[in-house]
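Topology and contacts: notes
What follows is each chain in one-letter form.
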Amino acid sequence: MTDKNFPLKGFGSVALHAGHTQDPMYSHITPIYASSTFVYDEAEQGMRRFSGEEEGYIYSRWGNPNFSEAEKKIAALETFGLKDENSHDLQLKAILHSSGMAALTTLMMGNLKKGDKVLSHYSLYSGLEELITKILPQFGVEAVIADLRDLNKAEEAIKANPEIKLMHLETPANPTLQCVDIEALTKLAKANNILVSVDNTFATPYLQQPFRYGVDYVFHSTTKFLNGHGTAIGGVLVGKDLEKMNSSITKTHRILGGNSNPFDAFLLTQGIKTLELRMDRHCLNAMEVAKFLADHPAVEKVNYNGLESHPDYKIAKKQMKHPGAMMSFELKKGKQGGIDFMNKLKMCIRTVSLGTAETILCHPASMTHYAIPKEEKDKYGITDGLIRLSVGLENIQDILNDFEQALR
Ligand SMILES: Cc1ncc(COP(=O)(O)O)c(C=O)c1O
């Protein structure tokens, strides 16, 4: 619980205490409110809740105390230390969803209509790529994909497509770890009346706060570092236009029905509490692993924003507190070398997803990015030999020992 008269100074303290309300039964940890509906003392109270005259829960597709706790925590972390144009604490609203894809669907359907276009970079989570290039066109919304690391190309795309209403940035991007300049692109978008959303899944609010640069939305697959333990799928959409968030975006979310559930929201809340501690350790380990891989004779290439050899090293340094715990790499022996390496691992785990406490690895070309045509994957650097790595919280020596023996 936070107290107005005792503003918390540390990110870790906010992660622990924000969003918590005193439980009526005095339970320390918010219990799991496994209830589809909430009752009224009298019929009139139900009417007041429906009309918005009285705050309170109605139906768990619309809201639930477990969702609220996680939503308030995430909003507090995304806005931590940030001020609005009047030097007041920046206010944000977060809406929890059943998955990252559900939150991205609310973002797109809540902001775009027939005839509009969405601009994005080519290195993107494959589910979003499919949503904007295959599903949304069925409803008259088109995608424009450009190399947004090049501001001239971004400007050209905007000039050629006045229908662009939303610019969606994923930085660092999955799985190439490419970064785009949030500040410069937001300036360009604002000059052209375009909304900006940022997928902050890889970075988390601890390492990167896109609202600092005036973006309109931040999105997370909470399945990843925010949950941190691989125990629940989830997504969140955070917005700064409170009026819109409370009206049309809430409406879109409720009608599409991509609500979270109390158990997953409970797990997410427990995970967020240790975000700062976990990220510090994830990042320390990742830097060691990246250096180890970059120096290893069997490794052809390492994509890690913390290495000066990465083309987006400077952008990452500008907008991230630390380059994070995600990387990808290729072995000199290509795809077969990668398969052999993954099969020899004794501790690190072969699985998709990312941001778990354990170190996990996957092969994007045949797994997460399977649905993208091979020519496109090759063009965008998602080669057959690429391995994506999410560095976990184990003791660093065990991670390095496992890699060393698997690379032998
Ligand atoms: C960067 C990124 N954005 C969005 C998503 C989609 O999230 P979810 O799987 O929770 O629906 C993912 C999933 O891997 C992701 O990595």
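Cut-off values and rules
- Residues numbered from 1 in each chain as written.
- Predicted model: local features only at pLDDT ≥ 70, side-chain atom pairs only at ≥ 80, totals over all residues.
- Near = placed C-beta within 6 Å.
- Helix = DSSP H or I, 4+ residues; strand = E, 2+ residues; numbered from the N terminus.
- Core = buried A, V, L, I, M, F, W, Y, C linked by C-beta atoms within 7 Å.
- Buried ≥ 20, exposed ≤ 12 C-beta atoms within 10 Å, placed from the backbone.
- Domains from an automatic or database assignment.
- Contact = placed C-beta atoms within 7 Å.
- Pairing = 2+ DSSP bridges.
- Axes fitted to C-alpha atoms, helices over the stretch in contact; angles between N-to-C directions.
- Nonpolar A, V, L, I, M, F, W, Y, C, P; charged D, E, K, R; others polar.
- Parallel < 35°, antiparallel > 145°, perpendicular 65-115°, else oblique.
- Left-handed = near helix turned anticlockwise from the far one by under 90°.

Remarks on the site of the ligand
For the ligand, the set of nearby residues contains 14 residues, the closest of which are S99, G100, M101, Y125 and S221. At the level of secondary structure, the elements contributing two or more residues to the shell around the ligand comprise helix 4 (100–111) and helix 5 (126–135).

Quick word on the nonpolar core
With 98 residues, the main nonpolar core has I74, V238 and M327 as its most contacted residues. Of the residues forming this core, the biggest block, eight residues, is contributed by helix 11 (residues 275–295). Looking at this core, you find at least three residues from each of domain 1 (11–31 + 63–272) and domain 2 (275–407). Every residue in contact with V238, bar those within four places of it in the chain, is listed here: I74, A75, E78, L92, A94, Y217 and V218.

Notes on the sheet that holds strand 6 (residues 217–221)
The strand order across the open sheet built from seven strands is 1-7-6-5-4-2-3, with neighbouring strands paired in mixed fashion. Edge positions in the sheet fall to strand 1 (93–97) and strand 3 (142–146), since each of these pairs with one other strand and no more. Averaged over all pairs of adjacent strands, the angle between their axes in this sheet comes to 20 degrees, without regard to strand direction. Pairing of strand 5 (residues 195–199) with strand 6 involves three bridges; the strand directions are parallel.

Focus on the domain arrangement of the chain
In terms of domains, the chain is made up of domain 1 (11–31 + 63–272) and domain 2 (275–407). Taken together, the contacts link 33 residues of domain 1 with 35 residues of domain 2. Secondary-structure elements contributing two or more residues to the side of domain 1 that touches domain 2 are helix 1 (11–17), helix 5, helix 7 (182–191) and helix 8 (204–207). Residue classes in the side of domain 1 that touches domain 2 are distributed as 16 nonpolar, eleven polar and six charged.

What to know about the sheet that holds strand 12 (residues 386–390)
Strand order across the open sheet formed by five strands is 8-9-12-11-10, with mixed pairing between neighbours. With one partner strand each, in any of the chains shown, strand 8 (299–303) and strand 10 (349–350) form the two edges of the open sheet. Looking at chain direction, strand 9 (residues 326–331) and strand 12 are connected through five bridges and run antiparallel. Bridge pairing in strand 12 places M327 opposite L389. Against the sheet, helix 11 touches strand 8 and strand 9, its axis set at about 150 degrees to strand 8. Of the strands in this sheet, strand 9, strand 10, strand 11 (360–362) and strand 12 touch helix 13 (residues 334–344), which is tilted by about 120 degrees from strand 9.

Some points on the packing of helix 6 (residues 151–160) against helix 7
For the pair helix 6 and helix 7, the least separation of the axes is 11 Å and the interaxial angle reads 20 degrees. Judged by the angle between their axes, helix 6 and helix 7 are roughly parallel. The interaxial crossing formed by helix 6 with helix 7 has right-handed handedness. Listed contacts from helix 7 to L151, A154, E155 and I158 of helix 6 are A184, L185 and L188. Tallied by class, the residues present in the contact of helix 6 with helix 7 amount to six nonpolar, no polar and one charged.

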